[in-house]
Amino acid sequence: MIRLDADKAVHFCDGLTRRDFLHAGSLAYLGLSLPSLLGLKALGAVNNKKDVNCIMLFLVGGPSQLDTWDMKPNAPAEIRGPYKPIKTNAAGVEICEVFPRMAKQADKFALVRTLYHTAAAVHDTGHQMMQTGRLFQGGIEYPHIGCVLSKLKGPKSDTPAHVLLPRPIGNTGGNMPHGQTAGFLGKIYDPFVLNADPSEPNFQVPDMLPPDYMSALRVDRRRDWRGLVDKSVKQFESNPEAKLLDSTFQQAYTLMSSAKAREAFDLNKEPEASRSRYGKNRFGQSCLLARRLIEAGVRFVTVNMFETVFDEITWDIHGSSPFSPISCYRDLVGPMFDAAYASLLEDLDQRGLLQETLVVAMGEFGRTPKVNPAGGRDHWPQCWSMSFAGGGVKGGQVVGESDEIGGAPKSRPVSPAEVAATIYHSLGISLETELPGSQGRPIRLVDHGVEPIHELFT
Amino acid sequence: MRLLSSLLLLAGAAAAQAPSGLSLLPGDVSLRGPRAYQTLVVEATYADGHHKDVTGAAKLVSANPKVAALDGPVVRPAGDGETTVTATLGAAKATVRVRVTGSAQIAAPTFRNHVLPVMTKVGCNSGSCHGALAGKNGFKLTLRGYDPDTDYQVLTREGIGRRVSLVEPAQSLMLLKPTLAVPHGGGRRFDPRSPEYNILVDWIASGAPPPSDADTRIQGVDIYPASAWLEPGAEQQVLVRARYSDGHTEDVTRWVKFSSTDAGVASVDDFGKVKMLGSGEAAITVWYQSQVGFARLGVPYPDRIAAEVFRSSPRHNFIDDLVLRKLEALRIQPSGQAGDYAFIRRAFLDAMGVLPTPEEVERFAADPDPGKRAKLVEEILTREEFVDYWAYKWSDLLLVSSRRLRSNAMWSYYNWIRASVASNKPWDQFARDILVSSGNSRENGALNYFVLHKNPIELSENVTKAFLGLGITCARCHNHPLEKWTQRDYYQMANLFSRISLKNGAEAGDTIVYSSPTGEVILPRLGKPLAPRPLDGKPLDFNDPKDRRRHLAEWLASAENPYFARSLVNRVWQNFLGRGLVEPADDVRATNPASNEELFAALTKDFTDHNFDVKRLIRAIMNSAAYQRSSATTAANEKDEKYYSHYILKRLPAEVILDSIAQVTRVATRFEGYPAGTRALQLPDSQVNSYFLTVFGRPPRTLSDSAERQHEPTITQALHVINGETLNQMLSSKDGTIEMFLKLGLSDGKALEHLYLAAFSRPPTAQERADILAALAEARVATAKDPLEKEPRRKPLEDLMWAMLTGKEFLFNH
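Conventions we followed
- Residues numbered from 1 in each chain as written.
- Chains lettered and ligands numbered in written order.
- Predicted model: local features only at pLDDT ≥ 70, side-chain atom pairs only at ≥ 80, totals over all residues.
- Heavy atoms only, no water.
- Helix = DSSP H or I, 4+ residues; strand = E, 2+ residues; numbered from the N terminus.
- Buried < 20%, exposed > 50% of the residue type's maximum accessible area, 1.4 Å probe, protein only.
- Areas by Shrake-Rupley, 256 points an atom, 1.4 Å probe, with all protein chains shown as cover.
- Lys, Arg positive; Asp, Glu negative; His and termini not counted.
- Charge placed at Lys NZ, Arg CZ, Asp CG, Glu CD.
- Salt bridge = Lys/Arg side-chain N within 4 Å of Asp/Glu carboxyl O.
- Axes fitted to C-alpha atoms, helices over the stretch in contact; angles between N-to-C directions.
- Parallel < 35°, antiparallel > 145°, perpendicular 65-115°, else oblique.
- Left-handed = near helix turned anticlockwise from the far one by under 90°.
- Contact = heavy atoms within 4.5 Å.
- Nonpolar A, V, L, I, M, F, W, Y, C, P; charged D, E, K, R; others polar.
- Polar contact = N/O pair within 3.5 Å; in protein donor to acceptor, adjacent residues only side chain to side chain.
- pLDDT = per-residue confidence, 0-100.
- Phe/Tyr/Trp six-rings, centres within 6.5 Å; stacked < 30°, edge-to-face > 60°.
- Lys NZ or Arg CZ within 6 Å of the ring centre and 35° of its normal.
- Pairing = 2+ DSSP bridges.
- Core = buried A, V, L, I, M, F, W, Y, C linked by side-chain atoms within 4.5 Å.
- Buried area = accessible area lost by both parts, 1.4 Å probe.

Caption draft 1: Representation of the overall build of chain B in the model. The helix and strand inventory of chain B stands at 29 helices and 27 strands. Every one of the 814 residues in chain B was classed for burial, and the buried ones make up 59%. When the accessible surface of chain B is summed, it comes to about 32,400 Å², and 53% of that surface belongs to carbon and sulfur atoms. Across chain B, 97 positive and 93 negative side-chain charges occur, with their mean positions spaced 3 Å apart.

What follows is the structure in structure tokens.
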């Protein structure tokens, strides 16, 4: 049975109101059975003392470290680029002039300036490594960190455990997976994808509620009869895709009956001034939505700032079409990020949520220190920057120092695996945890010996 | 638990078993020069067909240690001559000949064939170190050594001459750094006196001779054992031997890059030692100096299945012999055949994307003819819906959409494709007609291909992906890191497309495509063009007057080109069986071997021997017992997802779902800009507005990539069918199936019967009938209580249809 708590009382032809008639269902609808949850708790994999959530802002395209968070004003002109650094409200920390609001929040975030990886310098590899902690090899698709959390802790309430806004990463030039799904954990742990643009005027989650002419009685009846009819084909019972189909229906019903979820997705409930602060664009409104979802009980929200690097203005500033010019950091991308990120940190802080919400902003690689002939920068996974805030992270600091041209770590190099370890650590998940891989092989969350970036938390 | 006990049983059995045969890999050995060596592997065969690497347990003896000396399992030259080496294990013996030549000659390592491969193996020139775009720390090598001449210059002329010191070889920076004698960002790569070190220092000490055109060139690598069936947990050493143009061979196992295609089945370390981790078959792929190959290693499943099971399993054609042979080797039990109801539904959906009507179902089920399935297949091959379905499929491949084509151009493109399918145009002709034609794109719709892909680079990449199933993009900037394609191959291929010109026709949407007499694609690194050449085919001289596209077309369907036919065969196979012989379906590269290579080769040969006839291929597949197998699994085969022991369940494509819902509800979908009654599978344009199709995974047709189409269920899809307009409107429509039931005054029982035949292609069972009729009756009572309700039967029937059309039995092909 489902509960549909509409704001207005809706009377049906059968004389009953929605509110009267139905009430919510059981744990089974949440995709996690009680025994397995208790089992995981017993293993110590799930730490109930800390319930830290996460917002992962994925800056698709690869922000240039030299034009964002690792400025080198003393380098030669062809290295330092067109932008100047500005001071922040954290002593000794300077960032690019295109982020004035972010500069006033520096006490809340920590920068890591020495990220690197040694795989091919294409977008996909960085997407995989930053979102799963590993490069996909030997046919194994590792799960997104949010999907791991979804499997280990299950949903907190009747909202999905992991939501992806607004759409998955699409074509960035390769044909490898991006690491945005649950991989070998099974699609049952894939994130709920919004598939809509929250900045559009009449934004709503597509098909969140039944049409007016559909009574709650009938919604229930349909659901019951679907189960009644679909018992016959026995081999469906062991087929993962078939089970997934049923699970998606269960999750859909759960979402429908959750007043909390409905409210969270309803951006009209947010004051106009607040919506403007985040920026009236797809990324800004997605960040706002992310905050609301965390407040409504979602554990992990992934926000893709862009979905492709082709024919769109993104962080991928190669300098010539179909990619973006370096000026876009000042004209579009910088301000877009600045408004959204700063607003997010401000709001979380004001609401007392920052301590229990880890906010990470990361891209898939950095960019070439030497500006190319087209006036842009190309892919550079040897050294780049990201930020951590909340979730126990101590703001106002910088971890790792790059060399004079921002081309290589000079001290404290940090691998994507360590980033993953850091996120798991902040979320209260033991790094010893093993996940069930294909053919039942246990796969550790991160490889043995990979440590979180401890400096962030002390 | 069962696996463990089987393992113990096998292990115990193996220990007691004596080998029925022994072989010494790699077979006869030829050692040239004092530095040559060959690692040996002793491979035992057992009565039950499995193999085992017994090198550690066997005794190895050289008949003449003055010619060939044994150093553990490694044969080294002692003096010129010929002798034999024998391996013994119990009563089993194996002997190989060893020939040694030039053992007294000084033979320094060469730059091209020894130094560079060593540097590649230890990672000096990898993408994360000195092979990076900007090199590292001022030292830049070409990625994985794709340009030996440049690398030689960099090593010997740059770095103030410190990298290579002829006077004091051991003081060369290229030795001090990787041994960490001096600080090195890349850490310790090898130790002094290691084989790596010795090759480098000996080369320097011999005067660091440069690579030259006279160098012998590598021609290929051979891997041993080529295939083996092993026990669970077994370890197997894989050997790799390189063949050179001057006829000599070398053991290059130590320098090869190894990887496993299925880490859950087998893992491999840097030196070629494989460990079997699970049941199934994996390929251990090998890359060395842009030569690739693989070994197939497998562990059968632990069940013991009587040979009779395989002998008596139905065989309708050659496909079945090969499928069953593989299943028998892997010890996977085949399921029985699917029943008639399941077969007609499956065949209609897979070949045409439509459901059979209730009449068609009943007629087929009642037909006593034992050959009725083959007859049904023949009938399907003649239907219009068959043409629609395959025209749609090739439209996915050829990117037919209004995104970049004007409406009339798009229509001419689509109509040309559809006409080709309708006439069963041979696939090679189909490709040729696209690639070689010139003229007006409105008259010849195929020419729109050149409107979509305008420059030689794009054309080259799309042709290779769409028609050859190969992704060569990586080779644009450097040799492909995983495949045998070099940058030269890439640019030679692109140069086949350098003389195609376009200009606007008289009307909007018309494009004139023609061949021009000049035009070259320049390889940026060399600043000059390379002779046009289709991948690994024959090159064409620059000044040859022959049309370059014609040269490509000739190679495309020739015997020298294995990719073209394989690519198509795999796509068609995957359409029916749910899983390509190669996965992903459009990734038929050399290092991604098929799950059943013998079957793949046989299917391809039949296809090419019979004029690239696509319908013939479809017929053979549909008639095979493998295709007609039930989707019901047994405990013994439920884990198999690769070898066709049972039909693989697959969710229907978006368009088929929408069309099938329309068919069952008898309410056609309205597509904006198209006449009423147009089915989704008849749309020429992937841009046609349809939230349903988008959300259920319709490909946007921006890339010729099978991954564009999505078939996984999502919450968004569930929400759409629960709450969205599409299905709800079709169900509540005042026309349609329910209206028909009411007008005809059909009882609930009759209505139920019709719905089951229409949606599930079978009658309901007695239990289903009882349960559902009871539910309907109860619902009708509840609905009738409302005095305002005019049609108390309608809504429950709508709800029943909804329940049927959103369930697994409807949405899956099974």
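Anyway, onward from the coordinates.
Caption draft 2: Seen up close, the pattern of salt bridges. Residues and elements named next belong to chain B. As enumerated under the stated definition, the model contains 86 salt bridges over all chains in all. Residue D246 pairs with R32 through a salt bridge whose shortest N-O separation is 2.9 Å. Of this pair, D246 sits in the loop between β14 (239–244) and β15 (249–251) while R32 sits in strand β2 (residues 29–32), and the two are 214 residues apart along the sequence. Given a relative accessible area of 40%, D246 falls into the partly exposed group. Its relative accessible area of 42% is what places R32 among the partly exposed residues.

Caption draft 3: The arrangement of the packing of helix α26 (residues 748–760) of chain B against helix α28 (residues 794–805) of chain B in detail. All names here are of chain B. α28 packs onto α26 with a crossing angle of 25 degrees between their chain directions and a minimal axis gap of 11 Å. It follows that α26 is roughly parallel to α28 by the angle criterion. Considering how the two elements wind past one another, α26 and α28 form a crossing that is right-handed. Note on element contacts: α28 touches α26 through L797, L800, M801, M804 and L805, opposite A751, L752, L755, Y756, A759 and F760. Taken together, the residues of the contact of α26 with α28 sort by class into 11 nonpolar, no polar and no charged.

Caption draft 4: Quick peek at helix α15 (residues 456–468) of chain B. Residues and elements named next belong to chain B. Along α15, 11 of the 13 residues are buried, which leaves the element largely enclosed by surrounding structure. Among the residues of α15, I457, L459, S460, E461, N462, V463, T464, K465, A466, F467 and L468 are the ones counted as buried. If you check the start of α15, you find a side-chain oxygen 3.1 Å away from the backbone N of I457, and it comes from N455. Looking at the residues trailing α15, positive phi occurs at G469, about 65 degrees.

Caption draft 5: Spatial organisation of helix α3 (residues 148–156) of chain B. Three or more residues of α3 of chain B are buried, namely P148, D151, Y152, V154, L155 and T156 of chain B. If you follow the buried residues of α3 of chain B, they end up packed against α2 (111–122), α4 (173–176) and α5 (195–205) of chain B.

Caption draft 6: Region of interest: the confidence of the model for chain B. All names here are of chain B. The share of residues in chain B with pLDDT of 70 or more is 98%, and the mean pLDDT across the chain is 91. Segment residues 4–14 is flagged for pLDDT under 50; beyond a separation of four residues in sequence, or across chains, it makes six contacts in the model. Interface confidence in the predicted complex, given as ipTM, is 0.83; pTM for the same model is 0.82.

Caption draft 7: View of the packing of aromatic side chains. Taken as a whole and judged by the stated rule, the model has 41 aromatic pairs over all chains. On the numbers, 6.0 Å between centres and 55 degrees between planes, the contact of F136 of chain A with Y142 of chain A is tilted. Ring geometry for Y449 of chain B and F450 of chain B: centres 5.7 Å apart, planes at 85 degrees, overall edge-to-face. In this structure, Y449 of chain B and F450 of chain B share a single accessibility class: buried. The ring of F249 of chain A has R226 of chain A sitting right over it, with the charged end atom 3.7 Å from the ring centre.

Caption draft 8: Structural view of the packing of helix α18 (residues 562–577) of chain B against helix α20 (residues 614–623) of chain B. Residue and element names in this part refer to chain B. Running from N to C, α18 and α20 point in directions that differ by 40 degrees, and their axes come no closer than 10 Å. It follows that α18 is oblique to α20 by the angle criterion. Remark: the crossing between α18 and α20 carries right-handed chirality. Touching L568, V569, V572, W573, F576 and L577 of α18 are V614, L617, I618, I621 and M622, all from α20. Its residues placed into classes, the contact of α18 with α20 shows 11 nonpolar, no polar and no charged.

Caption draft 9: Looking closely at the sheet that holds strand β10 (residues 92–101) of chain B. Residues and elements named next belong to chain B. Taken in spatial order, the four strands line up as β2-β10-β9-β6 in an open sheet, and their pairing is mixed. At either end of the open sheet lies a strand with only one pairing partner, and these are β2 and β6 (59–62). For this sheet, the mean inter-axis angle between neighbouring strands, taken without regard to orientation, is 20 degrees. Here β6 pairs with strand β9 (residues 81–89) via four bridges, running antiparallel. By the bridge assignment for β9, V61 is matched with T86.

Caption draft 10: Highlighting the nonpolar core. If you look at the biggest cluster of nonpolar residues, it comprises 288 residues, and the most contacted ones within it are L57, F337, F388 and I423 of chain A together with W427 of chain B. If you tally residues by element for this core, the top one is helix α12 (residues 328–350) of chain A, at 10 residues. If sequence neighbours within four positions are ignored, L57 of chain A has contacts with F283, C287, V303, F337, Y341, L344, V359, V360, A361 and M362 of chain A. Of all hydrophobic cores here, the second largest spans 49 residues; its members include F139, L175, L200 and I284 of chain B.

Caption draft 11: Expanded view of the interface of chain B and chain A. The partner chain A presents 53 residues to the 66 residues of chain B that form the contact. It is I715, N723 and K808 of chain B in chain B that bury the most area against chain A; as a group they hold 15% of the surface buried on that side. Summed over the shared surface of chain B and chain A, the result is six salt bridges. For D230 of chain A, the salt bridge identified is with K808 of chain B, shortest N-O distance 3.2 Å. Across the contact surface, chain B and chain A share 14 residue pairs in polar contact (both at pLDDT 80 or more). Of all the elements in the fold, those that place two or more residues in the side of chain B that touches chain A are α23 (715–723), α24 (725–732), α26, α27 (766–784), α28 and α29 (808–811) of chain B. For the side of chain B that touches chain A, the class distribution of residues is 29 nonpolar, 21 polar and 16 charged.

Caption draft 12: Highlighting the confidence of the model for chain A. For chain A, per-residue confidence averages 87 on the pLDDT scale, and 88% of positions sit at 70 or higher. Across residues 1–46 of chain A the pLDDT falls below 50, and counting only partners more than four positions away or on other chains, this stretch makes 88 contacts in the model.

Caption draft 13: Looking closely at the pairing of strand β8 (residues 74–77) of chain B. Residues and elements named next belong to chain B. Examined bridge by bridge, strand β3 (residues 38–39) and β8 share two bridges and lie antiparallel to one another. Looking at β8, one finds that T39 is bridged to V74. Where strand β7 (residues 68–71) meets β8, four bridges bridge the pair, whose relative direction is antiparallel. Considered in β8, the bridge of L70 is made with V75.

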